[in-house]
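Observations on the model geometry
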Amino acid sequence: LLGKGSQWIRHHHERYDGTGFPDELEGEDIPLGARIIAVADAYDAMRSTRPYKPDVTPERARQELLECSGTQFDPQVVEAFLSLLPSREAQVETRGH
């Protein structure tokens, strides 16, 4: 039913350096969709208030992605995500979210 999407979901907790789960895939062996989801999910988690933690500023979330680029996250995906982020953040702020 989900096709490739099921593999993206399965592997979005893999780490670019191979220390993630469930299969300890590394680098390009991790499906691209999973690498994209990993970055977007991490950013969303950092920016969202949760019962167990406050949200962080957009600047702090960006810094965290950069700090984890090459270990937790694919550096090219982080670069692409951050290049699109300023326009997306502006859209969200304009709507009052």
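Residues numbered from 1 in each chain as written. Predicted model: local features only at pLDDT ≥ 70, side-chain atom pairs only at ≥ 80, totals over all residues. Heavy atoms only, no water.

Some thoughts on the environment of arginine 47
Note the threshold: Here a helix means four or more residues in a row that DSSP labels H or I, a strand means two or more in a row labelled E, and each is numbered from the N terminus. Counting of polar contacts relies on pairs of N or O atoms within 3.5 Å, with two restrictions inside protein: one atom must be capable of donating a hydrogen and the other of accepting it, and residues adjacent in sequence are counted only when both atoms are side-chain atoms.
Position of arginine 47 relative to the elements: it lies in helix α2 (residues 32–47). Taking the C-alpha atoms as reference points, arginine 47 and arginine 60, separated by 13 residues in sequence, lie 9.1 Å from one another. A distance of 2.6 Å separates the side chain of arginine 47 from the backbone oxygen of valine 56, its partner in a polar contact.

A closer look at the environment of valine 39
Of note, valine 39 is situated in helix α2. Distance in space between the C-alpha atoms of valine 39 and histidine 13 is 9.9 Å, their sequence separation being 26 residues.

What about the nonpolar core?
This is how the line gets drawn: Take the buried residues of types Ala, Val, Leu, Ile, Met, Phe, Trp, Tyr and Cys, join any two whose side-chain atoms come within 4.5 Å, and each joined set is a nonpolar core. Burial classification: accessible surface area is computed with a 1.4 Å probe over protein chains only, and a residue below 20% of its type maximum counts as buried, one above 50% as exposed, and the rest as partly exposed. In what follows, residue pairs with any heavy atoms lying within 4.5 Å of each other are defined as contacts.
Judged by nonpolar contacts, the single largest core of 13 residues is most densely connected at Val39, Leu65, Phe73 and Val78. Breaking this core down by element, the ones donating at least two residues are α2, α3 (58–67) and α4 (75–95). Looking at this core element by element, the count peaks at 5 residues for α2. When near neighbours in sequence (up to four residues on either side) are disregarded, valine 78 contacts Val39, Leu65, Leu66, Ser69 and Phe73.

Notes on α3
Filter applied, for reference: By arc we mean the arc of the directions from the helix axis to the C-beta atoms, nothing more.
All of the buried residues in α3 are Pro58, Ala61 and Leu65. Relative to the axis of α3, the buried residues are bounded by an arc of 65° and lie together on one face.

Details of unusual backbone geometry
The linkage connecting phenylalanine 21 with the following residue, proline 22, adopts the cis geometry, with an omega of 15°. Looking at the secondary structure, you find proline 22 in the loop between α1 (4–10) and α2. Positioned with a positive phi, glutamate 24 is a non-glycine residue whose angle comes to about 50°. Within the secondary structure, glutamate 24 sits in the loop between α1 and α2. Taking relative accessible area as the criterion, glutamate 24 reaches 57% and is therefore assigned exposed.

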